[in-house]
Structures are given as structure tokens and as C-alpha cells.
Amino acid sequence: KIREKVKIFLRRYGKKEYNYVKKLDHEIGNYFHGLAIFMLVQFFEYSILFRIIGHPNWLLLGVLACVTTIIPYFGGFITNIIAVITASVISVKLFIATTIICLVFPNLDGYLISPRIYGRTNNINPVMVIFAVGLGGSLFGFLGIVASLPVYIILKASLEYYEEDIRRKVKNVKETID
């Protein structure tokens, strides 16, 4: 019902505004779809890996890896620290196996799995993601890190949608100056 009310409200202002909000809704929907897929991948990946090496908290670590995926790039770091600390008090063998997992798999996730998932859902450049997360964290701390990807997607979608209008206005300004 809310979507219908918003749709009716936006159509009063014009088709362009309605299509803009529709594009934003689509892009943010794609982001959350990609996030959900990546969270599931993280849950199964880490649960299975920690189960294989015999970590007693394998399910909890899988859930934690899933939940901390919301924090781009740094969320997995929190899970890995907890996994290594708990493994260090159990046995040396478990500590070494956990450390290897915590060194190898976040890189696989960050450089292979995550870009593929977000690349398919939102066509996001990994370098821009790192820049957006860094900028968001520098300006707004923890909340900036969490909000950086949705804000980047909104800005990117807005620029793509209004790109032709911007070019036309820049061309008009250039013609006026000349």
C-alpha cells in the first residue's frame, strides 16, 4: 500500500521523477539482494570451514560471519579475531588451522566472491567500494562504513539517471559563455 501511495504521489509531479525513484528502488533492491546472497555465502562458507577444522563454536562463527557482512570489508575481521582468540585457548593445532582460514578466506571473499556478487547485482567497481567505505568511515565512523555502499549506489544511480540532463545543461552553459 505504501508503494502504491508513493507511486500515485510521484506521478503527480511527472514521469521523470517517478522513473527516478523507481530506478533508485531497483538499485537499492539489487544491493539488498546481493547482500542477502553474500550473507548466505558467508554463513555456509565459514560454518563449514570451522566445522571441518573442529572449532567448537563453528555455528556461532558462521552466524557472526553472516551478520558482520553488513559492515563492508571490516565485518569479517571481527569474526576472525573472535575465531582466532577462541581457538588459541583450545589447542595449538586449532589455532594454526583457524589462523590459516582467517588469512586466506577473507581475501577470497573480498577479491573474488564479493565483487562477483555485487558486480552481478549492482555493477559496482571494487575500487570505488573501497574508496566509498574509507570515505564513509573517515567522515562518519562506524555508521559511515555501514551506510557507504547504499549511499554510493544511490549517488551512482542518480548520476546515471540524470547524466543526459547534466550534459545538456553543461553544453548550454558552454554555448552561453562562448
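Preceding this paragraph is the structure being described.
Computed from a predicted model, the values in this text were never measured in an experiment.

### Some remarks on the overall build of the chain
At step 1: Tallying secondary structure elements over the chain gives six helices and zero strands in all.
At step 2: Order of helices (α) and strands (β) in the chain, N terminus to C terminus: α-α-α-α-α-α.
At step 3: Compactness check: the chain gives a C-alpha radius of gyration of 21 Å against a globular reference of 16 Å for 178 residues, more than 25% above the reference.
At step 4: Principal-axis analysis of the C-alpha atoms gives the chain an extent of 75 × 45 × 25 Å.

### Considering the packing of aromatic side chains
Ring pairs (aromatic) are described by centroid distance and by the angle formed between their planes.
At step 1: With the rule as written, the count across this model stands at six aromatic pairs.
At step 2: One aromatic cluster is present, built from ring pairs that chain together Tyr 20, Tyr 161 and Tyr 162.
At step 3: Taking NZ or CZ as reference, Arg 11 lies 4.6 Å from the ring centre of Tyr 18, over its face.

### Here we look at unusual backbone geometry
At step 1: Positioned with a positive phi, Asn 123 is a non-glycine residue whose angle comes to about 55°.
At step 2: As for its placement among the helices and strands, Asn 123 is situated in the loop between α5 (92–121) and α6 (126–177).

### Comments concerning the environment of Glu 160
At step 1: Position of Glu 160 among the secondary structure elements: in helix α6.
At step 2: Along the primary structure Glu 160 and Lys 23 are separated by 137 residues, whereas in three dimensions their C-alpha atoms are 9.9 Å apart.

### Thoughts on the side chain of Thr 69
At step 1: Note on placement: Thr 69 falls in the loop between α3 (58–67) and α4 (75–88).
At step 2: Side-chain polar atoms of Thr 69 contact the backbone oxygen of Cys 66, separated by 3.2 Å.
At step 3: Not counting residues within four places of it along the chain, the set of residues in contact with Thr 69 comprises Leu 35, Phe 38, Met 39 and Gln 42.

### Concerning a nonpolar patch on the surface
At step 1: A contiguous nonpolar surface patch, about 710 Å² in accessible area, is contributed by Val 92, Phe 95, Ile 96, Ile 100, Leu 103, Val 104, Leu 108 and Leu 112.
At step 2: Along the chain, Ile 96 falls in helix α5.
At step 3: On the basis of relative accessibility, which here comes to 46%, the residue Ile 96 falls in the partly exposed class.

### A word on the pattern of salt bridges
At step 1: Summed over the entire model, instances satisfying the criterion amount to six salt bridges.
At step 2: With a shortest N-O distance of 3.1 Å, Lys 16 and Asp 165 are connected by a salt bridge. Here Asp 165 lies in helix α6 and Lys 16 lies in helix α2 (residues 15–53), a separation of 149 residues in the sequence.
At step 3: Ionic pairing is found between Arg 167 and Glu 163, a salt bridge with its closest N-O pair at 2.9 Å. Residue Arg 167 and its partner Glu 163 are located together in helix α6, separated by four residues, close to a single helical turn.
At step 4: On the basis of relative accessibility, which here comes to 51%, the residue Arg 167 falls in the exposed class.
At step 5: On the accessibility criterion, Glu 163 (34% relative accessible area) is partly exposed.
At step 6: Taken together, the shared-partner salt bridges in this structure form one network comprising Lys 23, Glu 27, Lys 156 and Glu 160.

Rules behind the numbers
- Residues numbered from 1 in each chain as written.
- Predicted model: local features only at pLDDT ≥ 70, side-chain atom pairs only at ≥ 80, totals over all residues.
- Heavy atoms only, no water.
- Helix = DSSP H or I, 4+ residues; strand = E, 2+ residues; numbered from the N terminus.
- Rg over C-alpha atoms; globule rule 2.2 N^0.38 Å.
- Phe/Tyr/Trp six-rings, centres within 6.5 Å; stacked < 30°, edge-to-face > 60°.
- Lys NZ or Arg CZ within 6 Å of the ring centre and 35° of its normal.
- Polar contact = N/O pair within 3.5 Å; in protein donor to acceptor, adjacent residues only side chain to side chain.
- Contact = heavy atoms within 4.5 Å.
- Patch = residues over 30% accessible without salt bridge, like charges linked within 9 Å, V, L, I, M, F, W, Y side chains within 5 Å.
- Areas by Shrake-Rupley, 256 points an atom, 1.4 Å probe, with all protein chains shown as cover.
- Salt bridge = Lys/Arg side-chain N within 4 Å of Asp/Glu carboxyl O.
- Buried < 20%, exposed > 50% of the residue type's maximum accessible area, 1.4 Å probe, protein only.

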